[in-house]
Amino acid sequence: MVKLNKIYTKTGDDGTTGLVSGPRRKKFDLRINAYGSVDEANSQLGKIRVLTNHSPKIDNRLARIQNDLFDLGSDLATPGKKTSTTQDLRISKDQVIWLETQIDYYNENLLPLNSFVLPGGTPLAAEFHIGRTMVRKSERIVAELIDVEPYTNPLTMQYLNRLSDLFFVLARVANDEGRKDVLWQPGKFHKTNKN
């Protein structure tokens, strides 16, 4: 269990921050950026949950995801491979599979798509789209981190990939199962089109 008795430590005043294990790193380090971007996405999810309190089923799933995102942040803040002798917290395949089951469950009743969906529709859908793009940003940073530090858990990137897909699906759910989706109309405003 984590105990936080003092909020400020002054140890970061030199421009570095501590990881769960290993040496301190610069605050602009790629690994710090990776779990910092996950924290941003989690904060957006907190905002989304303010709008989903009328739907306990969805809100309970989002509460689980918020907890998983802290697990993911801890994973990213702990460089190195997990061994049989360590207690490092790592994202598991089960957490990725759980997201896939949620995507399949919520996607089942959505209207088929005939075009790409533009962010918008209802306020809740718009917030899910913001969350989706924040998770995609985290995924891109983690992909780069895995390239630079290959011992990074690849399931962190898989989890983020599935989470952004789930947020897309939940945005459509929030848009009355897709009935209020705003669809992209390619070339609609080209100069040759006078409408």
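Predicted model, so just to flag it, every value in this text is computed and none were measured. (Residues numbered from 1 in each chain as written. Predicted model: local features only at pLDDT ≥ 70, side-chain atom pairs only at ≥ 80, totals over all residues. Heavy atoms only, no water.)

Undergrad: I'd like a description of helix H2 (residues 56-76), backed by residues and values.
TA: The end-to-end C-alpha distance of H2, which contains 21 residues, comes to 30 Å, matching closely the 30 Å that a straight helix rising 1.5 Å per residue would cover. Residues Ile58, Asp59, Leu62, Ile65, Gln66, Asp68, Leu69, Asp71, Leu72, Gly73, Asp75 and Leu76 constitute the buried set of H2. (Helix = DSSP H or I, 4+ residues; strand = E, 2+ residues; numbered from the N terminus. Expected span 1.5 Å × (residues − 1). Buried < 20%, exposed > 50% of the residue type's maximum accessible area, 1.4 Å probe, protein only.)

Undergrad: Explain the environment of Glu139 to me, and be specific about the residues and the numbers.
TA: Tracing the backbone through its elements, the reader meets Glu139 in helix H4 (residues 123-148). Along the sequence, Glu139 and Ala34 sit 105 residues apart, while their C-alpha atoms lie 8.3 Å from each other. Beyond its immediate stretch of four places on either side in the chain, Glu139 contacts Met157, Leu160, Asn161 and Ser164. (Contact = heavy atoms within 4.5 Å.)

Undergrad: Can you break down unusual backbone geometry residue by residue, with the values?
TA: Glycine aside, residues mostly have negative phi angles, and peptide bonds mostly take the trans form. With a phi angle near 55 degrees, Asp176 is a residue other than glycine that sits in the positive phi range. Along the polypeptide, Asp176 turns up in the loop between helix H5 (154-174) and strand E4 (182-183). A positive phi angle, near 60 degrees, is found at Glu177, a position not held by glycine. Mapped onto the fold, Glu177 is located in the loop between H5 and E4.

Undergrad: Before we move on, could you go through the packing of aromatic side chains and cite the residues and values that matter?
TA: Across all of its chains, the model carries 3 aromatic pairs by this definition. Ring centres of Phe116 and Trp184 lie 5.8 Å apart, and the angle between their planes is 50 degrees; this geometry places the pair in the tilted category. With Phe116 in the loop between helix H3 (93-107) and strand E3 (117-118) and Trp184 in the segment after E4, the pair connects residues that are 68 residues apart, well separated along the chain. Under the relative-accessibility criterion, Phe116 is labelled exposed at 61%. (Phe/Tyr/Trp six-rings, centres within 6.5 Å; stacked < 30°, edge-to-face > 60°.)

Undergrad: Quick rundown of the packing of H2 against H5? Include the residues and the values.
TA: Across the interface, H2 lies against H5 with an axial gap of 11 Å and an inter-helix angle of 155 degrees. Taken together, the axis directions place H2 and H5 in an arrangement best described as roughly antiparallel. The interaxial crossing formed by H2 with H5 has left-handed handedness. Where H2 approaches H5, its residues Ile58, Leu62, Ile65, Asp68, Leu69, Leu72, Asp75 and Leu76 are matched on the opposing element by Thr156, Tyr159, Leu160, Leu163, Leu166, Phe167, Leu170 and Val173. (Axes fitted to C-alpha atoms, helices over the stretch in contact; angles between N-to-C directions. Parallel < 35°, antiparallel > 145°, perpendicular 65-115°, else oblique. Left-handed = near helix turned anticlockwise from the far one by under 90°.)

Undergrad: Which residues make up the environment of Leu118, and what values go with them?
TA: By the element assignment, Leu118 lies in strand E3. Leu118 sits in the partly exposed class, given a relative accessible area of 35%. Once the C-alpha coordinates of Leu118 and His129 are considered, the two residues, 11 residues apart in sequence, prove to be 8.9 Å apart. If near-sequence neighbours (up to four positions away) are discounted, Leu118 is found in contact with His129, Val182, Leu183 and Trp184.

Undergrad: Just give me the short version of the nonpolar core, but keep the residues and values in it.
TA: For soluble globular proteins, the rule of thumb is that nonpolar side chains tend to be buried together. One finds Leu62, Ile65, Leu69, Phe128, Tyr159 and Leu163 to be the most contacted residues of the largest nonpolar core, which totals 37 residues. No other element matches the 11 residues that H5 contributes to this core. In contact with Ile65, other than residues within four places in its own chain, are Leu45, Trp98, Leu99, Tyr159, Leu163 and Leu166. (Core = buried A, V, L, I, M, F, W, Y, C linked by side-chain atoms within 4.5 Å.)

Don't take any of this as a statement about function, it's just geometry.
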